Amino acid sequence: MPPVGSLWYKDAVFYELPVKAFFDTNADGIGDLAGLTEKLDYLRDLGVDCLWVLPMYPSPLRDDGYDIADFYGIHPDYGSVADFERFLDAAHRRGLRVIADLVVNHTSDRHPWFQEARRSPSSPYRGYYVWSETDERYRGARIIFTDSEKSNWTWDPVAQAYYWHRFFSHQPDLNYDNPDVRKAMLDVMRFWLDRGLDGFRCDAVPYLFEREGTSCENLPETHAYLRELRRTIDQEYTSRILLAEANQWPEDVRHYFGDGDEFHMAFHFPLMPRIYMAVRSEDRGPITDIFTHTPPIPAACQWGLFLRNHDELTLEMVTDEERDYMYYAYAPGPQTKLNLGIRRRLAPLMDNDRRRIELLQSLLFTLPGSPIIYYGDEIGMGDDVRLGDRNGVRTPMQWSGDRNGGFSTADPSRLYAPVITDPVYGYAAVNVEAQTRAPGSLLGTMKRLLAARKTSPAFGHGTIEFLRPRNRKVLAYLRRYGHETLLIVNNLSGAPQPVELDLAQCRGATPIELLGQTHFPAVRELPYFLSLGPYAFYWFRLAEGRVGEAPYGIEGTPI
Amino acid sequence: MLPPEVRGQASALGTADIVVGLPSYDNAGTIGAVLDAVRAGLQKHFDGARAVLVCSDGGSTDETRAEIDGVDWDAPRILARHEGPPEERVAVPYHGVPGRGAAHRTILEVAHLLGARACVLVGADCQSITPEWIDRLLRPILEDDHDYVAPLYQRHRYEGTLTSGLVSPLVGALYGRRIRQPLAGEAGLSGRLVAHLCGKEGWESDLVRHGITLWGLATAVTERFSVCEAWLGPYVVDARGRRTELGATLSHVMDSVFALQAQTAEAWGAVRGSQPVPVVGRGLPLGLWSVELNVTGMIRAFRLGLKDLLPVWEQILAPDTLADVLALGFTTDEGHGFPHALWARVVYDFAVGYRARVLYRQHLLRSLVPLYLGRTAAFIGETASGGAREAEAWIEAGCRAFEREKAYLLARWP
């Protein structure tokens, strides 16, 4: 089992992956749990700590598995519950934890609960969903998928009533005013936790309850139920976590931490687009500004940080002007836009510029929170914007230069999605095998960054203090935890930059660069001068005497 | 190449029988006592010999130079100032003197210029030096015709583990001579050896600049100069100038050792086994006094290495060696073993990896640290309940293992 520690998620680096895209062992063109189990050594060697498995439940797959048809099963394309248990055991043996998606807000319209509910008003499941004779209720609720949905109500000819859905019309919302639903979802969680799962990434949590005259988001009733979930899990299990997906402003997401009695973690959605804006505009302002609007969170809670994920690069949490800028900068064609976002992977967003990709990873790994890596981004995989919806960023993992990128031995026409084949991002040019053999590859850099990140608890637990050098192209900050102080300096510009940092508070300390363990000149009275190459970054430990681990007792006399 | 002002001072002195060299850097607290011991040693044991003191300072920011100026000694002296490489000025190396290579070069060239019969090097931060040390480092040269006198110190059994567990066994197996302190700051050199070293190429190389002590000793051994060891006594230094992080020390030291190994492959390739060198003076047992050791921390560092450095070690270690490392079973904070032969193979693999540049050398060297800590923890764990004899036996067994496994090194050497 991985090391036990109730705050493990604060030190962890997460890795998000869809089972179907990772590795196919039975040559049916679809990744499976046996394949994922086979690739666990790769993930361990990469240096991640916790895997976030996208929905693996039985589903019609009209929303990539977020339309769950059976909370207690495994999609037959991926394997069985027994396969999942074997995968969990194998991951734990390697020191890896596993959390899985759980869609708490809605089900698929194929779910037996909904099928029962629609057939009869007297069905015990009728009350599992939100029905209405009119589509006029809850008009204060916005429509999230503006590209495909015109209303949050859809008429069901079988039920002869409208049903409520905040997402696609084939995903009816569960009715959390019904105590049976609240209990049913707790039972679902128990089922998976009993099998060893380390927690859940809870999808779409702000929308559980509906109240007239409100936006139907972030309601007090929702928080009350989330506290009940957390209390139950804490009472019945140890070291399990809940991660909230709440695409909201930080002050709104803050409520999902409660007093440390709701979610352990929540995504910091507004930070992500601002990282891209800062690098594109070569100005630290967007990043420092969003942190001034980020409230403190309880000590045991943690932000989840990410650069990209399985969805579009969402621009909901930016202003209209910022959104226009992001579209201008990162979405060159209409094909790349989806809903209020950009459906591209990290490497294409960065024009495949290694320096910029690594700079963004540096920011991801050093800003306060636990980083979440999206599968394939560690090798710089590309996307395929010709595929519909968000499928362009969900293509098969590129393992080697072999057939189908080493993902599957199936006939290429049987793959769930085509492998990327273009000359720049195709599997012949970008794959794990080649990068494993080249220590200077992006994969090699990622491993070194992750290894360096493990050397200090300040990355996961530390406070942040932004420095304010005159050169706004440089983003510098101190991370502090206990006696440990880290200095992180990032050049957001494509040209070399000088910077003078006011480190008077650290006078006498010796900056030790964490990737090469190089000692830099000690901090003196004058501002600390550094020069940085294009998109370069430094991670320093400011050493004042010995820090971290207690002395071994042989340091003074090794020779 | 001597700086003009130093050459001028040396030329004005004409000749010398003995040159005493003292590299220094911020040693105001200790250098006065060191100079007193040197002066007393020369007066007591070599009265009448013409001795010249050469102090080479690396840019001290304290009162070191004032201490040198103020010492009560009428012997001729040359005050030099050497420049350390930028990286050593930023992070002072484990031996405490930025640019120690440049300082030694200055001292040796002055000794050569003055035609000295012998040159003795002493560390300016040594707190346990006595007048007898000067006698023991010089007499084997002046009376017994030896060319290089390496020191032997009385130390605690768990001091100097990098030397006793890694450098000494490796150097002994490579060059066939058993030298317990190949990195020491104290040494005696004959005029003949000094002249030979001054005439050699490569003084500007990183190897000589950073690892001059080892280079000088290896030159003496491989080019068939007469080498001996001399018991000096307890070894205590002012630790304030040596506050170097363990990883930096290991990296610095092994960079020199592996570089030397790569450069001298022709010299050591045919050597098998090892021979002791003559020892002058009466031996002293390893110390057993109480010291505070964090063996659990060492084991944890090893386990962390297993978890985080495996991808790096996979590039360095041969598959069978890596498998044996993984099988060591450091699954708890409790005691464990690290077989001598496996340790030798690990070190040889690192030497091969360094030579072949399988990855950035500083990363390679840094990744040796957890393995070294694991090995040291095993040393402590297996000898803590015994006495000096057991610790000596363990160290010796390690040395013999390096010799036995040399075939492994030769088979893998690129």
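Rules used throughout
- Residues numbered from 1 in each chain as written.
- Chains lettered and ligands numbered in written order.
- Predicted model: local features only at pLDDT ≥ 70, side-chain atom pairs only at ≥ 80, totals over all residues.
- Heavy atoms only, no water.
- Buried < 20%, exposed > 50% of the residue type's maximum accessible area, 1.4 Å probe, protein only.
- Helix = DSSP H or I, 4+ residues; strand = E, 2+ residues; numbered from the N terminus.
- Pairing = 2+ DSSP bridges.
- Axes fitted to C-alpha atoms, helices over the stretch in contact; angles between N-to-C directions.
- Parallel < 35°, antiparallel > 145°, perpendicular 65-115°, else oblique.
- Left-handed = near helix turned anticlockwise from the far one by under 90°.
- Contact = heavy atoms within 4.5 Å.
- Nonpolar A, V, L, I, M, F, W, Y, C, P; charged D, E, K, R; others polar.
- Salt bridge = Lys/Arg side-chain N within 4 Å of Asp/Glu carboxyl O.
- Buried area = accessible area lost by both parts, 1.4 Å probe.
- Polar contact = N/O pair within 3.5 Å; in protein donor to acceptor, adjacent residues only side chain to side chain.
- pLDDT = per-residue confidence, 0-100.
- Core = buried A, V, L, I, M, F, W, Y, C linked by side-chain atoms within 4.5 Å.

Caption draft 1: Region of the structure containing the pairing of strand β17 (residues 484-491) of chain A. Residue and element names in this part refer to chain A. Counting buried residues in β17 gives 8 out of 8 residues, a clear majority hidden from the surface. Of the pairings in the sheet, the one linking strand β16 (residues 474-481) to β17 comprises 8 bridges and is antiparallel in character. By the bridge assignment, Tyr477 is partnered in β17 with Ile488. With antiparallel pairing between neighbouring strands as the criterion, β16 and β17 make up a hairpin whose turn holds 2 residues, including Gly482 at a positive phi of roughly 60 degrees. In this structure, β17 lies alongside strand β22 (residues 537-543), joined through 5 bridges in antiparallel fashion. The residue bridging Val489 from the neighbouring strand is Tyr538, located in β22.

Caption draft 2: Region of the structure containing the packing of helix α7 (residues 161-175) of chain B against helix α18 (residues 388-404) of chain B. Residues and elements named next belong to chain B. The contact between α7 and α18 brings their axes to 8 Å, and the two run at 40 degrees. As the angle between them shows, α7 and α18 are arranged oblique. Judged by the twist between their axes, the crossing of α7 over α18 is right-handed. Facing α7, whose interface residues are Ser164, Gly165, Pro169, Leu170 and Ala173, α18 presents Ile395, Gly398, Cys399, Phe402 and Glu403. Here the residues of the contact of α7 with α18 sort into 6 nonpolar, 3 polar and 1 charged.

Caption draft 3: Region of the structure containing the pattern of salt bridges. All names here are of chain A. Under the defined criterion, the tally for this structure stands at 48 salt bridges over all chains. Close ionic contact of Asp64 with Arg394 constitutes a salt bridge, the shortest N to O distance being 2.8 Å. Of this pair, Asp64 sits in the loop between β2 (50-53) and α5 (81-93) while Arg394 sits in the loop between β14 (370-374) and α15 (432-437); the two residues are 330 residues apart in sequence, bridging distant segments of the chain. Assigned by exposure class, Asp64 and Arg394 land together as buried. Residues Asp198 and Arg97 are paired through a salt bridge, measuring 3.6 Å at the closest nitrogen-oxygen approach. Taken as a pair, Asp198 in the loop between α7 (179-194) and β7 (199-203) and Arg97 in strand β3 (residues 97-103) lie far apart in primary sequence, 101 residues in all. Arg97 shares its class with Asp198; the two are buried.

Caption draft 4: Expanded view of the interface of chain A and chain B. Between chain A and chain B, the residue contacts involve 24 residues of the former and 36 residues of the latter. Summed over the three residues of chain A that lose the most area to chain B, namely Tyr552, Ile554 and Ile559 of chain A, the buried surface amounts to 31% of that side. Put simply, chain A and chain B have 0 salt bridges between them. Between chain A and chain B we count 6 residue pairs in polar contact (both at pLDDT 80 or more) in total. For the side of chain A that touches chain B, the class distribution of residues is 10 nonpolar, 6 polar and 8 charged.

Caption draft 5: Region of the structure containing the confidence of the model for chain B. This prediction gives chain B a mean pLDDT of 90; 96% of its residues lie at or above 70. The ipTM value of the predicted complex is 0.80, and its pTM value is 0.65.

Caption draft 6: Local environment of the sheet that holds β3 of chain A. Taken together, 8 strands build a closed barrel; the order of strands is β1-β2-β3-β7-β8-β9-β10-β14 (chain A) and the barrel is parallel. Neighbour-to-neighbour, the strand axes of this sheet turn through a mean angle of 25 degrees, independent of strand direction.

Caption draft 7: The arrangement of the nonpolar core in detail. Counting 153 residues, the largest nonpolar core has Tyr15 and Leu43 of chain A as its most contacted members. The element contributing the most residues to this core is α7 of chain A, with 9 residues.

Caption draft 8: Quick look at the sheet that holds strand β7 (residues 187-190) of chain B. Residues and elements named next belong to chain B. Ordered in space as β3-β2-β1-β4-β7-β5-β8-β10, the 8 strands form an open sheet in which the pairing is mixed. Two strands in the sheet have a free side with no partner beyond their single neighbour: β3 (77-81) and β10 (279-280). Alignment of strand β2 (residues 51-57) against β3, held across 5 bridges, turns out to be parallel. Across the sheet, the residue bridging to Leu53 is Arg77, located in β3. Strand contacts of helix α5 (residues 100-113): β1 (18-24), β2, β3, β4 (118-121) and β7, with the helix running at about 165 degrees to β1, the strand carrying the most contacts. Each of β1, β4, β5 (148-154), β7, β8 (227-234) and β10 is contacted by helix α6 (residues 131-142), which is oriented at about 165 degrees to β8, the strand it contacts most.

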